[in-house]
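# Structural features, examined
Chain residues, written in single-letter form:
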Amino acid sequence: MGRGGRKNKGGSRGGKGGRGGSHVSGERQTYKSFNDLRRDNDNFRKYYTAQKIVSEEEFPVLMEAMRTVLPTNFRITGSRQQAVDIREQIINEFIPYFKDITIEGAEIEPPHPLEWYPNNFGWQFTIPRVALKKSKELSKFHSFLVTETEVGNISRQEAVSMVPPLFLDVRPDHYVLDMCAAPGSKTAQLIEALHSGVDAGQTPGGLVIANDADYKRACMLVHQVNRLNSPNIVVTNHSGERFPNIYRSTEGSGPRQIVQFDRILCDVPCSGDGTTRKNVRVWEKWRPDDAYALNPIQSKILQRAAYLLKTGGRLVYSTCSLNPIENEAVVAHVVDHFEGALRLVDVSNQMPALKRRPGLDTWKVMTRDGVLHDSFEAMPLETAGRRKHMHKFFPLEPKRMEEMHIDRCMRIYSHLQNTGGFFVAVLEKVAPISVDEKKKAAAEHAILVAATEKARAQAKELAESAMDVETETEGASATKRVANDADAADAKRVKVDIAAASDVDDDENEDDIVDGDDKEAKGRNGPYLPDNPREDPALPENPFVFLDANEGELKTILDYYGVKDTLSRNGFLSRIENDAFRSVYNVSDSVRELMGLAGQRLRVVNTGIRVFSRNCVKDAGCAFRLVCEGVPQILPHLPDRCVLNVSFSDLKTLLEQVNPLLTALSEESQERIKNVMPSSSIIVRYDPVARAGDAEQPFTRLTAVLTIPCWRGHASLSVHMDKNQLCSLIHRVLGRYIDRNAVGGLKLANNTRSQEPAAEPKAEVEAEVEAKVEADAAVDDEEVVAE
Ligand SMILES: C[S@@+](CC[C@H](N)C(=O)[O-])C[C@H]1O[C@@H](n2cnc3c(N)ncnc32)[C@H](O)[C@@H]1O
């Protein structure tokens, strides 16, 4: 079972599905300290030397690079308004700060932008992550990274892992499928790309489906994508190779069309032998046949993706493995299988600063005994017959490899730019897929028969030579054994042939579709059957249900906040429990349409952005309040009365104090807030450019407008964000680097209310205000916890 393979097929629960070190997790063993582990493996060395992945002189350099610990890498969320502010914060604050720091007498090399990553949004810091975490001197930077990661302004991600989504070239109107998405660092890039180029408040026309076969890992995806506040995302839980068809309804009796995607990412489960810098145990665990079980599932995922891709669409296949069996072999055989429908794209002009090597056009296959085999035909029969897919681990004929430009695949090695190892292939669908599957199966059958014939001849030859030495009993029995073995292997091969001829790579979905034309679906009106009968169609959560904006509680909410018609009324949904809902989510029109078409076919784990959440305040004007993550989505559609534009001084008061009294704000704000109903959500807006003249504004580097959900109590106004979001704002606005646990302390220390002189006997009105303030504070505590 390969790492991230199909241990948990379909809607599997639990288990590790990731790449890289996952093959060691879950095993009970005595762990040696990382430093004691041997960072070498004889078979690894022998295998990759034989593959000539780099020149002889370069090989030791590569091996050495693969033994060193990875630097820290991170990416700024480029689609956000504040991305530029975050980048400038690193350049103007942290880089000078690092110049003054030494650790154990050594100077620290400040972070630097990855030269191939667009807009200087990708960064590398030579200090490894563990050292960064432990170092007192670097705690300010560490706190910055942790907080900004939590709130979605930064993603910590291995540099090479950032590469595949960049080659997908996602645009706002694209339908994108991420086949094997968890934990979701590349999904985040896809969502960013979808939103970039779209004005703040505008919703792109496309969508991203982030899918993973492992349910628990799909749930990890939810956290990742929630940080990005996109209404254009759906998280699903299917085996990639069985990702269901979603049918477009068509008029009349013509064939039903399936929804196809403009862009598909197949970042497939793999052996992860390019991740030795991160997963040291790969060294001791590596085996030559690790890839055998992975190649078939990788191929099936890629084949399914090819079917689901639009003609003219682009697909990226990637692994963090160096093994040609998981890389070029998969790509070459799938491209060959589809006979001209897929082509490898020449991307040599894209991202020229990214150092890479061409794909291999020839390689050898190593068996567990360490023997290297040049071709399937030359393999001993016994070995060749052991695996149904063995012939697919080898290259195709040289001419075919050349014709398909296998060298257009990209190999990224650790020593080229101080990263992990990666493989990326960019494919385009140039014609609809219309393979005659039977013809294809017959061709594969012929290959196997030819190999069998050859083996039979070999066995005969051996038998005859053994007969020559009649007196040697041992030789005679050896002859018999060889002949029997050949027969047994033949029998095995026949079974293989039948399997190959009958179902062509075992994918029942393939038969079902010919590029958008559903042959079988016509007349199939029975109940929906899950693609994989072993998959339980029901997820543990209640399903999402679209809400009617023209009646019931949703109408009350929309009317209360005065949400304008510019926000589509069709995109509100929720999970209903006991006839009630706690939160309202919003999705784009594209997601709405897709979910409508898919019905129960899609196992939807999560979708959209949460925009309203049920209040726990008794006398609130509305039973639902605005939710922080939903603010960017809903703000452009709210009337002015829901928005309070503030000065820098008011912003500072709100960030520094616990539930500041309304009287602590400027007169201008107090005047404006009178028009807002008490016990209600309001959005505070600070425009640093418009307020550039504010005397107190200490940092000129802010450029993005800040929008902060607040609760307008009876006598106070309080920020309604979780602690990480608050920390992030305090970092950026006030230049104070505190971690989430210190936020309460900071606020209390600055609380003007606690510094007020002891009150004289209170007038009745004042006493009432105090009581209300206490009530507001209680609400605030409760709400922040609820977030
Ligand atoms: C290499 S990881 C993906 C990493 C991810 N793209 C990212 O950038 O964060 C491979 C993922 O494939 C999932 N997986 C394994 N078998 C699968 C299958 N048959 N179909 C879809 N996903 C699968 C695993 O659960 C795992 O999360």
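Thresholds, definitions, all that
- Residues numbered from 1 in each chain as written.
- Predicted model: local features only at pLDDT ≥ 70, side-chain atom pairs only at ≥ 80, totals over all residues.
- Heavy atoms only, no water.
- Buried < 20%, exposed > 50% of the residue type's maximum accessible area, 1.4 Å probe, protein only.
- Helix = DSSP H or I, 4+ residues; strand = E, 2+ residues; numbered from the N terminus.
- Arc of directions from axis to C-beta.
- Pairing = 2+ DSSP bridges.
- pLDDT = per-residue confidence, 0-100.
- Contact = heavy atoms within 4.5 Å.
- Salt bridge = Lys/Arg side-chain N within 4 Å of Asp/Glu carboxyl O.
- Patch = residues over 30% accessible without salt bridge, like charges linked within 9 Å, V, L, I, M, F, W, Y side chains within 5 Å.
- Areas by Shrake-Rupley, 256 points an atom, 1.4 Å probe, with all protein chains shown as cover.
- Lys, Arg positive; Asp, Glu negative; His and termini not counted.
- Charge placed at Lys NZ, Arg CZ, Asp CG, Glu CD.
- Core = buried A, V, L, I, M, F, W, Y, C linked by side-chain atoms within 4.5 Å.
- Phe/Tyr/Trp six-rings, centres within 6.5 Å; stacked < 30°, edge-to-face > 60°.
- Axes fitted to C-alpha atoms, helices over the stretch in contact; angles between N-to-C directions.
- Parallel < 35°, antiparallel > 145°, perpendicular 65-115°, else oblique.
- Left-handed = near helix turned anticlockwise from the far one by under 90°.
- Polar contact = N/O pair within 3.5 Å; in protein donor to acceptor, adjacent residues only side chain to side chain.

So, on to helix H19 (residues 589–598). Ser590, Val591, Leu594, Met595 and Ala598 are the residues of H19 that are buried. For H19, the angular spread of buried residues about the axis comes to 125°, placing them on one side. Where H19 ends, the next residue or the one after it, Gly599, has phi of about 55°, a positive value.

In this section: the pairing of strand S5 (residues 122–125). With burial as the criterion, each face of S5 is covered, one bearing Gly122 and Gln124 and the other bearing Trp123 and Phe125. In terms of strand pairing, strand S1 (residues 72–76) meets S5 through four bridges, oriented antiparallel. By the bridge assignment for S5, Arg75 is matched with Gly122. Pairing of strand S4 (residues 112–113) with S5, which is carried by two bridges, proceeds in the antiparallel orientation. In the sheet register, Pro113 faces S5, and the bridge partner there is Trp123.

In this section: the confidence of the model for the chain. Chain-level statistics for the chain give a pLDDT mean of 79 and a share of 75% at 70 or above. Within the model, pLDDT remains below 50 along residues 1–32, and this stretch shows 92 contacts once partners closer than five positions in the same chain are excluded. Within the model, pLDDT remains below 50 along residues 753–787, and this stretch shows 40 contacts once partners closer than five positions in the same chain are excluded. Here the predicted complex scores 0.81 on pTM and 1.00 on ipTM.

If you walk through the whole model with that rule in mind, you get 27 salt bridges. Two residues, Glu593 and Arg248, come together in a salt bridge whose shortest N-O distance is 3.6 Å. Within this pair, whereas Glu593 is found in helix H19, its partner Arg248 is found in strand S10 (residues 247–248), the two being separated by 345 residues in sequence. For Glu593, a relative accessible area of 38% translates into the label partly exposed. Accessibility expressed as a relative area gives 30% for Arg248, which makes it partly exposed. Of the charged contacts, one joins Glu284 and Arg281 as a salt bridge, the two residues approaching to 3.8 Å between their closest N and O atoms.

A separate point is the environment of Ile191. With respect to the secondary-structure elements, Ile191 resides in helix H7 (residues 185–195). Note: C-alpha distance between Ile191 and Ser666 (475 residues apart in sequence) is 39 Å. Leaving out residues up to four positions away in the same chain, Ile191 has contacts with Val208, Val225, Leu228, Ser230 and Ile233.

A separate point is a positive patch on the surface. A contiguous patch of positive charge, built from Arg129, Lys133, Lys134 and Lys278, is present on the exposed surface. Mapped onto the elements of the fold, Lys134 is located in helix H4 (residues 129–134).

Met179, Ile264, Cys266, Leu315, Tyr317 and Val331 are the most contacted members of the largest nonpolar core, which totals 84 residues. Broken down by element, the residue count for this core peaks at seven residues, all from helix H10 (residues 294–308). In terms of nonpolar packing, the next biggest core, distinct from the first, is built from 63 residues, Phe121, Ile127, Ile154 and Ile233 among them.

With that settled, the discussion passes to the packing of aromatic side chains. Here the structure, examined in full by the defined rule, presents 26 aromatic pairs. Both rings, one in Phe98 and one in Phe125, keep their centres 4.9 Å apart while their planes meet at 50°; by these two values the pair is tilted. Of the two residues, Phe98 sits in helix H3 (residues 83–99) while Phe125 sits in strand S5, which places them 27 residues apart along the sequence. Its relative accessible area of 0% is what places Phe98 among the buried residues.

Attention now moves to the packing of H10 against helix H11 (residues 328–337). The contact between H10 and H11 brings their axes to 10 Å, and the two run at 45°. Relative to H11, H10 is oriented oblique. Classified by chirality, the crossing of H11 by H10 is right-handed. Here H10 contributes Asn295, Gln298, Ser299, Leu302 and Gln303 to the contact with H11, which in turn contributes Ala329, Val330, Val331, Val334 and His337.

As a further point, take the sheet that holds strand S31 (residues 717–719). Ordered by their spatial adjacency, four strands build an open sheet running S28-S29-S30-S31, and the pairing between neighbours is mixed. Looking at which strands have only one partner, the edges of the open sheet turn out to be strand S28 (643–645) and S31. Neighbour-to-neighbour, the strand axes of this sheet turn through a mean angle of 40°, independent of strand direction. With three bridges joining them, strand S30 (residues 706–712) and S31 adopt antiparallel strand pairing.

What follows covers helix H1 (residues 42–51). The complete set of buried residues in H1 reads Phe44, Tyr47, Tyr48, Ala50 and Gln51. Take H1 and look down its axis: the buried residues cluster within an arc of 155°, on one side only. On the buried face of H1, the contacting elements are helix H2 (59–67), helix H9 (282–285), strand S16 (365–366) and strand S17 (372–373). With a side-chain oxygen positioned 3.0 Å from the backbone nitrogen of Asn43, the residue opening H1 is Asn41. Downstream of H1 by one or two residues, Lys52 has phi in the positive range, about 55°.

The next subject is the sheet that holds S1. Read from one edge to the other, the open sheet built from four strands follows the order S4-S5-S1-S6, with strand pairing classed as antiparallel. Each having just a single partner strand, S4 and strand S6 (154–156) make up the two edges of the open sheet.

All right, on to unusual backbone geometry then. The omega angle of the peptide bond from Ala182 to Pro183 is 5°, so this bond is cis rather than trans. Among the secondary structure elements, Pro183 is positioned in the loop between strand S7 (175–178) and H7. The backbone of Asn119 sits at a positive phi, close to 60°, despite the residue not being glycine. For Asn119, a relative accessible area of 53% puts it in the exposed group. Although it is not a glycine, Asn659 sits at a positive phi angle of roughly 35°. Along the polypeptide, Asn659 turns up in the loop between helix H21 (648–656) and helix H22 (667–673).

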